[in-house]
Amino acid sequence: MELHDSGLLALLVKRHSRHPGRAAEPVRDPTAAAVTGRYHRKRMDLGDMMGSLLIDGADTAMKALKKTTNIRQFQETFSVIEKCPKPVIAAVHSACVGGGVDLITACDIRLCTQDAWFQIKQVDIGLPADVGTLQRLPKVIGNDSLARELAFTGRRLKAEEAKQMGLVSGIYPDREAVLEAALDLATTIASKSPIAVQVTKISMVYSRDHSVKEGLGHVVSYVVCCKP
């Protein structure tokens, strides 16, 4: 994780030898963020995951309540990206599998390398994608049929098709190029009015799940505070 002088926060997500993601300490007030890295859930340790959800000696209802609480906590770890008022840019290289797709669909802008590929892998281990992909991907790409195909089959989606369907907005030759592009884009965004940018994101996230009329009413409360 690196905080640039321009107010940009660059966070590198690497695949750990045992777990696919590593948590990072929050930075107080970056202007915009760029997330880059390989997020590949090649092997999911169900023993570790489910072990944290079980209560020895508890009845079925209590176990179900515990599981529900923990799954909602997992969901929130991805939803906070979407709730962050600062724009978040995902720069993907190589494999983006399972939780990686959950992560990038919560971001505002997605870029990738030529060798990148995406996969909703959960179906192959007997689980639904339960922390955001099923809810966000159809709205990100605007193609419910294709989103269902990818979720039902678990097939790999290569970079060119990902761009055609709108999952990513740019493809770059390699890791260094996509990272540079993400940081350049974040720098451009950071040069704009922070209030305007943040209100824009808040309004767009809200409007995605509401009618045009509701979205217009929602943004009014912010605009009146921005105008002198």
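It should be noted that the structure appears before, not after, this text.
Only a predicted model underlies this, so the values are computations on that prediction, with no experimental measurement involved.

(A) Structural context of the overall build of the chain. For the chain, the helix and strand inventory stands at nine helices and eight strands. For the chain, the proportion of its 228 residues judged to be buried stands at 39%. For the chain, restricting intrachain contacts to residue pairs at least 6 apart in sequence, the fraction spanning at least 24 positions comes to 62%. Accessible area for the chain stands at about 13,100 Å²; split by element, carbon and sulfur atoms hold 56% of it.

(B) Quick look at the nonpolar core. Ranked by size, the top nonpolar core spans 29 residues in total, and within it Phe118 and Leu167 carry the most contacts. Of all the elements in the fold, those that place two or more residues in this core are helix 2 (60-83), strand 4 (88-97), helix 3 (99-105), helix 4 (133-141), helix 5 (144-153) and helix 6 (159-164).

(C) Broad picture of the state of the cysteines. Counting across every chain of the model gives zero disulfides. The closest cysteine sulfur to the non-disulfide-bonded Cys84 is located on Cys107, 9.9 Å from its own sulfur. Free of any disulfide, Cys107 has its nearest neighbouring cysteine sulfur in Cys96, separated by 9.3 Å. Looking at Cys107, the relative accessible area reads 6%, which means it is buried.

(D) Region of interest: the packing of aromatic side chains. Inspection of the entire model under this criterion finds zero aromatic pairs. In this structure, Arg156 packs its charged tip against the face of Trp117, placed 3.6 Å from the ring centre.

(E) Examining the side chain of Gln119 more closely. Examined against the element boundaries, Gln119 turns out to sit in strand 6 (residues 117-119). A polar atom in the side chain of Gln119 sits 2.6 Å from the backbone oxygen of Gly154. Residue contacts for Gln119: discarding those within four places in its chain leaves Cys96, Val97, Gly98, Val101, Asp124, Gly154, Arg155 and Arg156.

Rules of the game
- Residues numbered from 1 in each chain as written.
- Predicted model: local features only at pLDDT ≥ 70, side-chain atom pairs only at ≥ 80, totals over all residues.
- Heavy atoms only, no water.
- Helix = DSSP H or I, 4+ residues; strand = E, 2+ residues; numbered from the N terminus.
- Buried < 20%, exposed > 50% of the residue type's maximum accessible area, 1.4 Å probe, protein only.
- Contact = heavy atoms within 4.5 Å.
- Areas by Shrake-Rupley, 256 points an atom, 1.4 Å probe, with all protein chains shown as cover.
- Core = buried A, V, L, I, M, F, W, Y, C linked by side-chain atoms within 4.5 Å.
- Disulfide = S-S within 2.5 Å.
- Phe/Tyr/Trp six-rings, centres within 6.5 Å; stacked < 30°, edge-to-face > 60°.
- Lys NZ or Arg CZ within 6 Å of the ring centre and 35° of its normal.
- Polar contact = N/O pair within 3.5 Å; in protein donor to acceptor, adjacent residues only side chain to side chain.

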